[in-house]
Amino acid sequence: MEVLFLGSSGATLTPRVGCSCRICARARERGGRDVRSGPSLYLTASSGGPSPDRPGILVDTPEEIHAALLRWRVERVDAVIYTHWHPDHTAGMRLFEHLNMDWLAEGGPRPHRTTPVYVPERVLQDFQAHHGLMEKLLYLEGRELLKIHVLQAGQEFSVAGLTLRAFPMANPELWTYEVREGARRAVLAVDDTQGYVPEEFLAEADLAVLETGWFERGPDGRRLLPEGWPSLELEASFEESLRIASRLRARRTVFTHIEEINQRTPEEYDKLARSPELSALRGSFAYDGLRIRVGEEA
Ligand SMILES: [Zn+2]
Ligand SMILES: [Zn+2]
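This section reports on the structure supplied with the text.

**Quick look at unusual backbone geometry**
- Across the junction of Thr 14 and Pro 15, the peptide omega takes the value -5 degrees, indicating a cis bond.
- By the secondary structure assignment, Pro 15 is in the loop between strand 1 (2–7) and helix 1 (22–30).
- Located in the positive-phi region is Asp 60, a residue other than glycine, with phi close to 70 degrees.
- By secondary structure assignment, the location of Asp 60 is in the loop between strand 3 (56–59) and helix 2 (65–71).
- Its identity as a non-glycine residue notwithstanding, Asp 192 has a phi of 45 degrees, on the positive side.

Here's what the structure looks like:
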């Protein structure tokens, strides 16, 4: 299977409008790996035939998703899976209109396709409680642009040639996905992994995709986060992400959800990836457009 990183940022995009910091200024000037769009992955089965005709699954719909699909030449979305309700992962829900609506149909606009959308039960509850997300989903479902499938913990389902299961993390709002194609296996734990202790059956996958987590200090040792910053208590640090990676023992680990506030360039992440600790994990950092063939050597 292949994992395509459509967007490698977290809640803070790179560059940020109005920001003249070193990272944003560089991103504006250089483009390429320096620019990070909202967090999303695209999964395809190797058995699915040549792209762009190969069926695929979209993980989350950040608000930049339509532009990201165009940029990375994804021409079809056969299913969408949601990891949690946070706005950086859901604000692009109107995507289903772009994908599926036939605006010029005889008798008025109607869908030419209905996309299955897989939502863990707790995530669906959170959609009801936040940002009118459930109302948006039900509106789209009412127009037959999508069909909601509720997932119980560990419930297996197959779509686009891949077999998946979802499990709640330590923060029950957040769900990990295990994705399989034959003997190949990927584990996706893309955000808010604080306190997460992955189940042993998720260990030793071919690929783990993990949240990067926060850095207290920049590469120059300068303090990045104010003392008492609330997320120090609530969200995983990079050190905690490394502990999760060590426990998962995947053959390869890619860290994503990379925040602008981390204040690191792609080359600084490359250097960090060459450290003994990350080398031992075969760890690296994502960038927009990165494609990983799961189970094949880098
Ligand atoms: Zn996020
Ligand atoms: Zn900036």
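Additional details are given in the paragraphs that follow.
**Remarks on the coordination of the zinc ion (ligand 1)**
- Bound to the zinc ion (ligand 1) are the protein donor atoms Asp 88 (OD), His 89 (NE2), Asp 191 (OD) and His 257 (NE2), situated 2.0 to 2.2 Å from the metal.
- Geometry at the zinc ion (ligand 1) is irregular, judged from the 4 donor atoms that bind it and their angles of 85 to 161 degrees at the metal.
- Summarised as a motif, the one-chain spacing of the donors to the zinc ion (ligand 1) is D-H-x101-D-x65-H. A residue pair is termed long-range when its members are at least 10 positions apart, and Asp 191 in the loop between strand 12 (184–189) and strand 13 (207–211) and His 257 in the loop between strand 14 (253–256) and helix 9 (266–273) qualify at 66 residues.
- For Asp 191, a relative accessible area of 2% gives the class buried.
- Overall, His 257 belongs to the buried group, its relative accessible area being 5%.

**Describing the coordination of the zinc ion (ligand 2)**
- The zinc ion (ligand 2) binds to the protein through Cys 19 (SG), Cys 21 (SG), Cys 24 (SG) and Glu 260 (OE), with metal-donor distances spanning 2.0 to 2.3 Å.
- Summarised as a motif, the one-chain spacing of the donors to the zinc ion (ligand 2) is C-x1-C-x2-C-x235-E. An identical accessibility class is assigned to Cys 19 and Cys 21; each is buried.

**What about helix 6 (residues 133–142)?**
- Of the residues making up helix 6, those classed as buried are Leu 133, Met 134, Leu 137 and Leu 140. Each buried residue of helix 6 sits inside an arc of 130 degrees when the element is viewed along its axis, so together they form one side. Every exposed residue of helix 6 that faces more than 90 degrees away from the buried side is listed here: Glu 135 and Gly 142.
- Contacts made by the buried residues of helix 6 are with helix 3 (87–90), helix 4 (95–100), helix 5 (121–129) and strand 8 (146–151).
- Two residues or fewer past helix 6, Glu 144 is found with a positive phi of approximately 60 degrees.

**Here's the deal with empty space enclosed by the protein**
- The tally for this structure, following the rule as stated, stands at 3 cavities of 30 Å³ or more.
- Residue lining of the largest cavity: 13 residues in total, with Thr 14, Ile 23, Asp 34, Arg 36 and Arg 264 positioned closest to the centre.
- In terms of residue class, the lining of the largest cavity is built from 4 nonpolar, 3 polar and 6 charged.
- Empty space within the second largest cavity amounts to approximately 60 Å³.

**Some remarks on the sheet that holds strand 12**
- An order of 9-10-11-12-13-14-15 is seen for the 7 strands of this open sheet, with the pairing classed as mixed. The open sheet has two edge strands, strand 9 (157–159) and strand 15 (283–285), and neither has a second partner. Direction aside, neighbouring strands of the sheet carry axes that sit 25 degrees apart on average.
- Of the strand pairs in this sheet, strand 9 and strand 10 (residues 162–168) are connected by 3 bridges, and their pairing is antiparallel. Bridged to Val 159 within strand 10 is Leu 162.

**Quick word on the packing of aromatic side chains**
- On inspection of all chains with the given rule, the structure shows 9 aromatic pairs.
- Judged by centre distance (5.6 Å) and plane angle (35 degrees), the rings of Phe 255 and Phe 285 are tilted. Pair noted here: Phe 255 is in strand 14 and Phe 285 is in strand 15, with a separation of 30 residues, a long-range link.
- Measuring from ring centre to ring centre gives 4.7 Å for Tyr 269 and Phe 285, while their planes differ by 40 degrees; the resulting arrangement is tilted. Of this pair, Tyr 269 sits in helix 9 while Phe 285 sits in strand 15, placing them 16 residues apart in sequence. Both residues of the pair, Tyr 269 and Phe 285, count as buried.
- Every member of this aromatic cluster is reached through a ring pair, and the members are Phe 215, Phe 238, Phe 255, Tyr 269 and Phe 285.

**Some words on the packing of helix 5 against helix 6**
- Where helix 5 meets helix 6, the closest approach of the two axes is 5 Å, and the angle between their N-to-C directions is 105 degrees. Overall, the two elements helix 5 and helix 6 adopt an arrangement that is roughly perpendicular. Listed contacts from helix 6 to Leu 124, Phe 127 and Gln 128 of helix 5 are Leu 133, Met 134 and Leu 137.
- The residue inventory of the contact of helix 5 with helix 6, partitioned by class, reads 5 nonpolar, 1 polar and no charged.

Cut-offs used in this document
- Residues numbered from 1 in each chain as written.
- Chains lettered and ligands numbered in written order.
- Predicted model: local features only at pLDDT ≥ 70, side-chain atom pairs only at ≥ 80, totals over all residues.
- Heavy atoms only, no water.
- Helix = DSSP H or I, 4+ residues; strand = E, 2+ residues; numbered from the N terminus.
- Donors = N, O, S within 2.8 Å, 3.2 Å for Na, K, Ca; no water.
- Tetrahedral: all angles 85-135°; square planar, octahedral: opposite > 155°, others 65-115°.
- Buried < 20%, exposed > 50% of the residue type's maximum accessible area, 1.4 Å probe, protein only.
- Arc of directions from axis to C-beta.
- Contact = heavy atoms within 4.5 Å.
- 1 Å grid on protein atoms, 1.4 Å probe; cavity = no way out; pocket = protein on both sides within 12 Å on 5 of 7 lines; lining within 4 Å.
- Points joined across faces, edges and corners; volume = space filled by probe spheres on them.
- Nonpolar A, V, L, I, M, F, W, Y, C, P; charged D, E, K, R; others polar.
- Pairing = 2+ DSSP bridges.
- Axes fitted to C-alpha atoms, helices over the stretch in contact; angles between N-to-C directions.
- Phe/Tyr/Trp six-rings, centres within 6.5 Å; stacked < 30°, edge-to-face > 60°.
- Parallel < 35°, antiparallel > 145°, perpendicular 65-115°, else oblique.

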